[in-house]
2 protein chains.
Amino acid sequence: MNISEVAQRTDLPPKTIRYYEDIGLIRPERRENGYRVFSESDLHKLAFLGRARALGFSIEDCRTLLALYEDETRASGDVKRVAREHLERIEDKIAQLQSMRDTLTHLVRECAGDARPDCPILKDLAKG
Amino acid sequence: MNISEVAQRTDLPPKTIRYYEDIGLIRPERRENGYRVFSESDLHKLAFLGRARALGFSIEDCRTLLALYEDETRASGDVKRVAREHLERIEDKIAQLQSMRDTLTHLVRECAGDARPDCPILKDLAKG
DNA sequence: ATAAGGGTTCCAGTCACAGGAAGGTCAAGG
DNA sequence: CCTTGACCTTCCTGTGACTGGAACCCTTAT
């Protein structure tokens, strides 16, 4: 399989696939002409990575998860710990964004939004 | 005022303050020895920037907001538009994170998290 | 004279790619 | 056989908003 077919089937850009090889997440073979040849296993790993990334896992988390996936003697506790830590970071991020949203929603509602210069948003930023 | 005092009073790291000068958000004067001298106006702007950044506005949004703040003939509609667009991006981000959180919460709950290799999290990543 | 604690600039690194240039390869059509 | 166009390759740069560190200057106190 060439890279563009893999890109289609995994829904990952070719650039991303090359990058994943670059940082050692996959190791596709090469033809004599230098082209990458992807095996079903490579395809599978890339799909795995795509889904892990879609869940927001960092590349380093993905590396860990992939290693655990390939290790038949893994402990599910190790996987769960990675997922729980990631989940915590997500929840923190959500809380932070919600706080911003609440403040902004309030400010936007207060602002007339017309041609006059008077603005509660700027007022708030200027003297918090 | 020297940079470290400004850093304390605005709760911004000196590095950040220098960076803001670098990208033209502030223009503190210089002493003969090359040290920056910050005026009350600089201090005020930095505090403004700190609060705008805390609400998640991008640096470019901050530049726009600061310009609007300094323009006495501004229309509050312009401010409101920037804020509303930012608010929308935040809400999109929250929705995206919540979706990740829901999936992850479910997976984490399903996973035994013990010494055995069987793991629903990996199973999900492997076959979506 | 020296040491501590300011200040300065400049360079590299972060994260996860994306864009683009320069050039090699391959299959089809004239 | 030649060309065209669609692939493929590597390499370099840029993104956002800083942070860390090196190398060096300035000021004040001992």
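From a predicted model like this one, the values you see are computed outputs, not experimental measurements.

*Asks:* I'm lost on the packing of aromatic side chains in this one. Help?
*Replies:* The geometry of an aromatic ring pair comes down to the distance between the two centres and the angle between the two planes. Residues and elements named next belong to chain A. Inspection of the entire model under this criterion finds four aromatic pairs over all chains. Ring geometry for Tyr19 and Tyr20: centres 6.0 Å apart, planes at 45 degrees, overall tilted. On the basis of relative accessibility, which here comes to 5%, the residue Tyr20 falls in the buried class.

*Asks:* What exactly am I supposed to notice about the domain arrangement of chain A here?
*Replies:* A common way to express how large an interface is: the accessible area buried when the components associate. Residue and element names in this part refer to chain A. Segmentation of chain A into domains returns domain 1 (1–74) and domain 2 (76–128). Summarising the inter-unit geometry, the C-alpha centres of domain 1 and domain 2 are found 34 Å apart. Taken residue by residue, the interface counts eight residues in domain 1 and eight residues in domain 2. The junction of domain 1 with domain 2 conceals about 590 Å² of combined surface from both sides, 72% of it contributed by carbon and sulfur atoms. When the buried surface of domain 1 facing domain 2 is broken down by residue, Phe57, Asp61 and Leu68 rank first, second and third, together holding 54% of it. One can count one salt bridge joining domain 1 with domain 2.

*Asks:* Just checking my understanding: could you explain the side chain of A:Glu21 for this structure?
*Replies:* Residues and elements named next belong to chain A. Tracing the backbone shows Glu21 in helix H2 (residues 14–22). One polar contact links Glu21 to Arg36, side chain to side chain, over a distance of 2.4 Å. Discounting residues that sit within four places of it in the chain, Glu21 has contacts with Ile26, Pro28, Arg30 and Arg36.

*Asks:* Is there a simple way to explain helix H3 (residues 40–54) of chain B in this structure?
*Replies:* Owing to its 3.6 residues per turn, the α-helix aligns residues three or four sequence positions apart on the same side. Over its 15 residues, H3(B) runs 21 Å from end to end, which matches the ideal 21 Å to within 8%, given 1.5 Å per residue. Looking only at H3(B), the buried set comprises B:Asp42, B:Leu43, B:Lys45, B:Leu46, B:Phe48, B:Leu49 and B:Ala52. Among the structural elements, helix H6 (120–127) of chain A together with helix H1 (3–10), helix H2 (14–22), strand E2 (36–37) and helix H4 (59–70) of chain B are those in contact with the buried residues of H3(B). Two residues or fewer after H3(B) comes B:Gly56, characterised by a positive phi angle close to 90 degrees.

*Asks:* What should I look at first to understand the protein's contact with DNA strand D in this one?
*Replies:* Close to DNA strand D lie 19 residues; A:Arg36, B:Lys15, B:Thr16, B:Tyr20 and B:Arg53 are nearest. Taking A:Ser4, its side chain carries an N or O atom lying 2.9 Å from a phosphate oxygen of DNA strand D. Only helix H1 (3–10) and H2 of chain A together with H2 of chain B provide two or more residues apiece to the surface near DNA strand D. A total of four residues in the surface near DNA strand D trace back to one element, the largest contributor, which is H2(B). A per-class count over the surface near DNA strand D returns seven nonpolar, six polar and six charged.

*Asks:* Help me out: how do you make sense of H1(B) in this one?
*Replies:* Residues and elements named next belong to chain B. Taken residue by residue, H1 has Ile3, Val6, Ala7 and Thr10 as its buried positions. Summarising the axial view, the buried residues of H1 lie within an arc of 105 degrees, below the 170-degree limit, and thus occupy one face. Two residues or fewer past H1, Asp11 is found with a positive phi of approximately 60 degrees.

The rules we used
- Residues numbered from 1 in each chain as written.
- Chains lettered and ligands numbered in written order.
- Predicted model: local features only at pLDDT ≥ 70, side-chain atom pairs only at ≥ 80, totals over all residues.
- Heavy atoms only, no water.
- Phe/Tyr/Trp six-rings, centres within 6.5 Å; stacked < 30°, edge-to-face > 60°.
- Buried < 20%, exposed > 50% of the residue type's maximum accessible area, 1.4 Å probe, protein only.
- Domains from an automatic or database assignment.
- Contact = heavy atoms within 4.5 Å.
- Buried area = accessible area lost by both parts, 1.4 Å probe.
- Salt bridge = Lys/Arg side-chain N within 4 Å of Asp/Glu carboxyl O.
- Helix = DSSP H or I, 4+ residues; strand = E, 2+ residues; numbered from the N terminus.
- Polar contact = N/O pair within 3.5 Å; in protein donor to acceptor, adjacent residues only side chain to side chain.
- Expected span 1.5 Å × (residues − 1).
- Near = heavy atom within 4 Å.
- Nonpolar A, V, L, I, M, F, W, Y, C, P; charged D, E, K, R; others polar.
- Arc of directions from axis to C-beta.

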